[in-house]
Amino acid sequence: MESLKTSINSAKVTAESNAIVNSGELRSSPTRISVTPVCHKDDDASHSVSIRDSVETLSKNQLKKQQKREKWLARKSEKRVLERQKRKRKYHEAREQGISLGPSRKKLKLNRMKNSTCKIRVAIDCSFDNLMGDKDISGIVKQIQFAYAANRRAKQPLQFYVTSLGGKTQERLESIGDYKGWDVNFQTESHTDLFGKNNLVYLTSDSPNILTDLDLDKVYVIGGLIDHNHHKFLKSY
């Protein structure tokens, strides 16, 4: 390669050989050779080779993972485009057939918690952030999204809270968009600090008690934890 001059004239070659005579036998130590390549400034940058690049070369497994992720990202963007086109097509078909598509965006913006006659309070407790991996964190954020979407479409939305927000859950929310614009009471404080321990009803499948009535003076707390039953009877307070 013209861009890399590694000939003897442009490289430093050091050879050391030591002859050692011991018990009548001649032994030579290995010859050590160091080569310093020289690249000229006027060489094409695309053909330049550096020692640092060779050190940072990816392994076969790392390269496969990187290529797999690049293909996944490419398919993800294509899939989103196809899904948007499919939704638009269904929307136009439904309008032509006179099918109700639910409330418009304009009506949804007016359907806010502060205007609702429903004053029942429900909170998702996100204090279990450290017990979940990235996949389960994404699952919790999706459930928060589903709960928000269902609540804003209700005729009378309940008072929806997300407490102890921080760490990976908050980072995931920030990565998907402006969540602070949602009609949700996001709080970094815990539910006990916000409402008081005596006003809480913690909903869990581990309890033998069955809830039959809802009390406006109580706050109903749902644990924001996807644990695959690894942490049964876990308490956050």
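Predicted, not measured: the structure shown is a model, and the values here were computed from it. (Residues numbered from 1 in each chain as written. Predicted model: local features only at pLDDT ≥ 70, side-chain atom pairs only at ≥ 80, totals over all residues. Heavy atoms only, no water.)

Asker: When you look at helix H4 (residues 134-152) in this model, what are you seeing that I'm missing?
Answerer: Counting along an α-helix, one turn takes 3.6 residues, and residues three or four places apart therefore face a common direction. In a regular helix each residue adds 1.5 Å, so 19 residues correspond to 27 Å; H4 covers 27 Å between its end C-alpha atoms and thus fits that length. Among the residues of H4, those classed as buried are Asp 136, Ile 137, Gly 139, Ile 140, Val 141, Ile 144, Tyr 148 and Asn 151. Turning to H4, the residues buried within the fold contact strand S3 (121-125), strand S4 (159-163) and helix H5 (167-176). (Helix = DSSP H or I, 4+ residues; strand = E, 2+ residues; numbered from the N terminus. Expected span 1.5 Å × (residues − 1). Buried < 20%, exposed > 50% of the residue type's maximum accessible area, 1.4 Å probe, protein only. Contact = heavy atoms within 4.5 Å.)

Asker: Quick question: what am I supposed to make of a positive patch on the surface here?
Answerer: A cluster of basic side chains, namely Arg 69, Lys 76, Arg 80, Arg 84, Arg 87, Lys 88, Lys 142 and Arg 172, defines a positive patch on the protein surface. It is helix H2 (residues 60-96) that contributes the most residues to the positive patch, six residues altogether. Mapped onto the elements of the fold, Lys 142 is located in helix H4. (Patch = residues over 30% accessible without salt bridge, like charges linked within 9 Å, V, L, I, M, F, W, Y side chains within 5 Å. Areas by Shrake-Rupley, 256 points an atom, 1.4 Å probe, with all protein chains shown as cover. Salt bridge = Lys/Arg side-chain N within 4 Å of Asp/Glu carboxyl O. Lys, Arg positive; Asp, Glu negative; His and termini not counted. Charge placed at Lys NZ, Arg CZ, Asp CG, Glu CD.)

Asker: Which parts of the structure should I look at to understand the pairing of S3?
Answerer: Every other side chain in a regular strand lies on the same face of the sheet, so the side chains alternate between the two faces. Of all five residues in S3, four are buried; the element is thus mostly enclosed. Two strands pair when backbone bridges link them, and S3 and S4 are joined in this way by five bridges, in the parallel orientation. Following the sheet pairing, Val 122 is matched in S4 by Phe 160. (Pairing = 2+ DSSP bridges.)

Asker: In this structure, what is going on with the pattern of salt bridges? I would like to understand it.
Answerer: Within the structure shown, the criterion is met by one salt bridge. A salt bridge links Asp 183 to Arg 112; its shortest N-O distance comes to 3.5 Å. Here the residue Asp 183 occupies a position in the loop between H5 and strand S5 (185-186), and Arg 112 occupies one in the loop between helix H3 (105-110) and S3, the gap between them amounting to 71 residues. Accessibility expressed as a relative area gives 29% for Arg 112, which makes it partly exposed.

Asker: Where do I start with the sheet that holds strand S6 (residues 200-203) in this structure?
Answerer: An order of S5-S4-S3-S7-S6 is seen for the five strands of this open sheet, with the pairing classed as parallel. Taken across any chain shown, the strands that pair with only one partner, and hence form the sheet edges, are S5 and S6. Where S3 and strand S7 (residues 219-223) come together, five bridges link them in parallel fashion. Paired with Asp 125 across the strands is Gly 223, a residue of S7. Contacts from H4 reach S3 and S4, with the element oriented near 165° to S4. (Axes fitted to C-alpha atoms, helices over the stretch in contact; angles between N-to-C directions.)

Asker: Quick question: what am I supposed to make of the confidence of the model for the protein chain here?
Answerer: Detail in the predicted coordinates should be disregarded across regions flagged by low pLDDT. Across the protein chain, the average pLDDT comes to 77, with 70% of residues at 70 or higher. Long-range and interchain partners of residues 1-39, a stretch whose pLDDT sits below 50, account for 45 contacts in this model, where long-range means more than four residues apart. Here residues 46-52 is a poorly scored stretch, pLDDT under 50, and it has three contacts once near neighbours within four places are set aside; other chains count. (pLDDT = per-residue confidence, 0-100.)

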